[in-house]
Amino acid sequence: MRSSVTPTGRRASGGPVRVRRATAGDARRLTRLVRSSRAYEGPYAPMVAGYRLGPDYIEAHEVFVAVQEATDRVLGFYALILDPPELDLLFVADDAQGTGTGRLLIGHLRAEAEARGLPGVRVVSHPPAEGFYLAMGAERTGTVRAAPPAVMWDRPELLLPIA
């Protein structure tokens, strides 16, 4: 699915934003976006230290990027696992938060999931992002307990309804 949408809210400079399928060539930019996220500072820093989103991951999964049309700047991205349906990753550049980019990506994810007949998508949220997912209509279903050494904190588990 391809969309050309300008997010609502505070606009980032650069004009219209569209969501497109990620390519292997996007891997470095997406890795940089993950590693530089301020949401993963402090106690969350070990989670993204050394993180790499490789071309093989992009080719094997449903990965989509929000880019400014004029500059091809990546503002955010998400990765959808189809079986079982789960949002594996969703990141928005720090300076693009509050511009509608996250809402645009969730809208695109919903359209992709609906086109595939998925009734809902599981989200295991980064704790500070739970409020965003709730605002997008997700419903809290439980808690995924910490699993040291990979993940040192409990995470909210949500379901994003599609229908």
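Residues numbered from 1 in each chain as written. Predicted model: local features only at pLDDT ≥ 70, side-chain atom pairs only at ≥ 80, totals over all residues. Heavy atoms only, no water.

I'd like a description of the overall build of the chain, backed by residues and values.
Scanning the chain from terminus to terminus reveals 5 helices and 8 strands. Its helices and strands in sequence order give the chain the pattern β-β-α-α-α-β-β-β-α-β-α-β-β, from N to C terminus. The C-alpha radius of gyration computed for the chain amounts to 15 Å, which stays within 12% of the reference 15 Å derived for 163 residues, consistent with globular compactness. When its C-alpha atoms are laid out on the principal axes, the chain stretches across 45 × 35 × 30 Å. When the 163 residues of the chain are sorted by exposure, 47% land in the buried category. (Helix = DSSP H or I, 4+ residues; strand = E, 2+ residues; numbered from the N terminus. Rg over C-alpha atoms; globule rule 2.2 N^0.38 Å. Buried < 20%, exposed > 50% of the residue type's maximum accessible area, 1.4 Å probe, protein only.)

Please provide a residue-by-residue account of the confidence of the model for the chain, values included.
Counting all residues, the mean pLDDT for the chain is 91, and 91% of those residues have values of 70 or more. Low confidence marks residues 1-12, where pLDDT is under 50. Its contacts with residues over four positions away, or in another chain, come to 35 contacts. (pLDDT = per-residue confidence, 0-100. Contact = heavy atoms within 4.5 Å.)

Just give me the short version of the packing of aromatic side chains, but keep the residues and values in it.
Centre distance and the angle of the planes are the two values used to describe a pair of aromatic rings. A full pass over the atoms with the stated rule returns 6 aromatic pairs. Centroid distance Tyr40 to Phe91: 5.7 Å. Interplanar angle 35 degrees. Geometry classified as tilted. Here the residue Tyr40 occupies a position in the loop between helix H1 (27-35) and helix H2 (45-48), and Phe91 occupies one in strand E5 (residues 85-92), the gap between them amounting to 51 residues. We note that Tyr40, like Phe91, is buried. Seen from their ring centres, Tyr44 and Trp153 are 4.6 Å apart, and the 85 degrees between their planes marks the pair as edge-to-face. Of this pair, Tyr44 sits in the loop between H1 and H2 while Trp153 sits in the loop between strand E7 (139-144) and strand E8 (155-161), and the two are 109 residues apart along the sequence. Of the two residues, Tyr44 and Trp153, neither departs from the other in class, the shared state being buried. Over the ring of Phe64 we find Arg21, and its NZ or CZ is 5.6 Å from the ring centre. (Phe/Tyr/Trp six-rings, centres within 6.5 Å; stacked < 30°, edge-to-face > 60°. Lys NZ or Arg CZ within 6 Å of the ring centre and 35° of its normal.)

So, the pairing of strand E2 (residues 17-21): which residues are in play, and what are the values?
Summarising burial for E2: 4 of the 5 residues are buried, a large majority. Here E2 pairs with strand E3 (residues 62-68) via 5 bridges, running antiparallel. By the bridge assignment, Arg18 is partnered in E3 with Val67. (Pairing = 2+ DSSP bridges.)

Break down helix H4 (residues 101-115) for me, citing the residues and quoting the values.
End to end, H4 covers 21 Å across 15 residues, agreeing with the expected 21 Å (1.5 Å per residue, within 8%). Thr101, Gly102, Leu104, Leu105, Ile106, His108, Leu109, Glu112 and Ala113 are the residues of H4 that are buried. Gly117 sits one or two positions beyond H4 and adopts a positive phi of about 75 degrees. (Expected span 1.5 Å × (residues − 1).)

How would you sum up the environment of Arg35? Please name residues and give values.
Within the element layout of this structure, Arg35 appears in helix H1. Those residues in contact with Arg35 that sit more than four places away from it in its chain are Val48, Gly50, Tyr51 and Arg52.

An account of the environment of Leu80 is requested, with residue identities and associated values reported.
Checked against the element boundaries, Leu80 lands in strand E4 (residues 74-82). The buried category is assigned to Leu80, whose relative accessible area is 1%. When near neighbours in sequence (up to four residues on either side) are disregarded, Leu80 contacts Glu62, Glu86, Leu109, Glu112 and Val121.

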